[in-house]
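Read off the chains here:
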Amino acid sequence: MINNLLERPEKIEMHKLTYEGVRKFETVINDLRKENISDSKNLFEGSADKRLKENNIILPEAPAPVGSYLASKIVGKLLYISGQISMNSKGELIKGKLGKDLNTEDGYKAAERCALSILAQAKKILSGDLDKIKSCIKIVGFVNSTDDFIEQPKVINGASDLIASVFGNAGMHTRAAVSVNSLPLGVSVEVDAIFELN
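Bear in mind the structure is a predicted one, so any value in this text is a computation, not a measurement. In this numbering scheme, every chain counts its residues from 1 along its sequence in written order. With the structure being a predicted model, the display of local features is reserved for residues of pLDDT at least 70 and the display and counting of side-chain atom pairs for 80 or more, all residues being used for whole-chain, interface and lining totals. Side-chain descriptors were evaluated using all non-hydrogen atoms of the structure, hydrogens and water having been removed beforehand.

A short note on helix α4 (residues 104-125)
Helix and strand labels come from DSSP, where a helix needs a run of H or I of at least four residues and a strand needs a run of E of at least two; each type is numbered from the N terminus. In this analysis, the expected span of each helix is defined as 1.5 Å times one less than the number of residues it contains. End to end, α4 covers 32 Å across 22 residues, agreeing with the expected 32 Å (1.5 Å per residue, within 8%). Following α4 by one or two positions, Ser127 has its phi on the positive side, about 55 degrees.

Side note on the pairing of strand β2 (residues 78-85)
Strands pair, by our definition, only if DSSP identifies at least two bridges between them. In this sheet, β2 lies alongside strand β1 (residues 72-75) in antiparallel orientation, the contact comprising four bridges. When the sheet's bridge partners are listed, Ile74 is paired in β2 with Leu79. Alignment of β2 against strand β5 (residues 189-197), held across six bridges, turns out to be antiparallel. Each bridged residue has a counterpart across the sheet, and for Leu79 the counterpart in β5 is Phe195.

Considerations on the pattern of salt bridges
Salt bridges are defined by distance alone: a side-chain nitrogen of Lys or Arg within 4 Å of a carboxyl oxygen of Asp or Glu. What the rule picks out here adds up to four salt bridges. Close ionic contact of Lys123 with Asp49 constitutes a salt bridge, the shortest N to O distance being 3.2 Å. Taken as a pair, Lys123 in helix α4 and Asp49 in helix α3 (residues 48-54) lie far apart in primary sequence, 74 residues in all. The rule is simple: take the accessible area with a 1.4 Å probe, protein chains only, and divide by the maximum for that residue type; under 20% is buried, over 50% is exposed, in between is partly exposed. Judged by its relative accessible area of 26%, Lys123 is partly exposed. When the shortest N-O distance is used, the salt bridge between Glu105 and Lys109 registers 3.6 Å. Of the two residues, Glu105 and Lys109 both sit in helix α4, four residues apart, roughly one turn of that helix.

Things to note about the side chain of Arg113
Tracing the chain through its elements places Arg113 in helix α4. For the purpose of charge, His is not counted, nor are the chain termini; Lys and Arg are scored as positive and Asp and Glu as negative. This buried residue, Arg113, is left without a salt bridge; Glu112 holds the nearest opposite charge, at 7.1 Å. Contact definition: two residues touch when any of their heavy atoms are within 4.5 Å. Non-local contacts of Arg113, meaning those with residues more than four positions away in its chain, are made with Pro60, Met87, Asn88, Ser89 and Ile94.

Observations regarding the sheet that holds strand β3 (residues 133-144)
Strand order in the open sheet formed by five strands is β1-β2-β5-β3-β4, and the pairing between neighbours is mixed. The open sheet terminates on both sides in strands that have one partner only, identified here as β1 and β4 (174-180). Ignoring strand direction, the axes of neighbouring strands in this sheet form an average angle of 15 degrees. Docked against the sheet, α4 engages β1, β2, β3 and β5, running at close to 40 degrees with respect to β5. Where helices are involved, their axes are fitted lines through C-alpha atoms of the stretch in contact, as for all axes, and angles between N-to-C directions lie from 0 to 180°.

Regarding the environment of Arg175
By the element assignment, Arg175 lies in strand β4. Arg175 sits in the partly exposed class, given a relative accessible area of 30%. Considering only alpha carbons, one finds Arg175 and Ile139, 36 residues apart in sequence, at a separation of 5.0 Å. From its side chain, Arg175 meets the backbone oxygen of Pro153 in a polar contact 3.3 Å long. A polar contact is formed between the side chain of Arg175 and the side chain of Ser160, at a distance of 3.0 Å. In the analysis that follows, any N or O atom pair within 3.5 Å is treated as a polar contact, provided that within protein one partner can donate a hydrogen and the other can accept it, and provided that, for residues neighboring in sequence, both atoms belong to side chains.

Focus: the environment of Ser188
With respect to the helices and strands, Ser188 occurs in the loop between β4 and β5. Sequence separation of Ser188 and Leu98 is 90 residues, and the distance between their C-alpha atoms is 7.0 Å. With near-sequence residues (within four places) excluded, Ser188 lies in contact with Ser86, Ile94, Lys95, Gly96, Leu98, Leu102, Phe142, Val143, Asn144 and Leu183.

Brief notes about the side chain of Asn144
Relative to the helices and strands, Asn144 resides in strand β3. At a separation of 3.2 Å, a polar atom in the side chain of Asn144 contacts the main-chain carbonyl oxygen of Val187. Sequence-distant contacts of Asn144, defined by excluding residues within four places in its chain, comprise Gly96, Lys97, Leu98, Val180, Asn181, Ser182, Leu183, Gly186, Val187 and Ser188.

Describing helix α5 (residues 152-167)
Helix length check: α5, at 16 residues, gives a terminal C-alpha distance of 23 Å against a target of 22 Å (1.5 Å per residue), a fit within 8%. One axis is fitted to the seven residues ending at the residue and one to the seven starting there. The bend at that residue is the angle between these axes. Taken as a whole, α5 carries its principal kink of about 30 degrees at Gly158. Taken together, the buried positions of α5 are Gln152, Val155, Ile156, Gly158, Ala159, Ser160, Leu162, Ile163, Val166 and Phe167. Those residues of α5 hidden inside the fold are in contact with α3, α4, β3, β4 and β5. Directly beyond the C-terminal end of α5, a positive phi value near 65 degrees is found at Gly168.

Keep in mind that these numbers describe shape and distance, not what the molecule does.
Dropping the structure here:
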């Protein structure tokens, strides 16, 4: 888009622009070139960190893996985040079975905490820059629930809603919400994720 504008200046009615307007236009073009942004609208979109602040979201410390696996891994332009289990803001496990020990709202909040850990892991491997993420491709949520509990999708909405609030439209993803009989350490929810990188 930028190159086309520069190669065909006749498309811009320069005579209608003030000197100040021309200078601003040149500044925007230079900024776009420096940032290698292909579409000017991206220059004005809020960053992920800005949205975190606007929504008063504080990321926890990225928990270390407790086995022979990686918490996160980049393959090409894909970022994989291992399953993050539900922990509260104090680092304590959120345990219990949905439909017995916890209700849907409790589960929603537990899934939200899983998403916070996912973002913390992403920020860690991306050297603190969540804006390296282009989009969220998919999340899979596992809900420790009773046989008759059927609101797993509403529980995993906690993770989906949080990711969408941070990345906007780029945070819209495909998803699975799965009922399981148990989860590691007796936690209520576990969520993993796949992101696309710029």
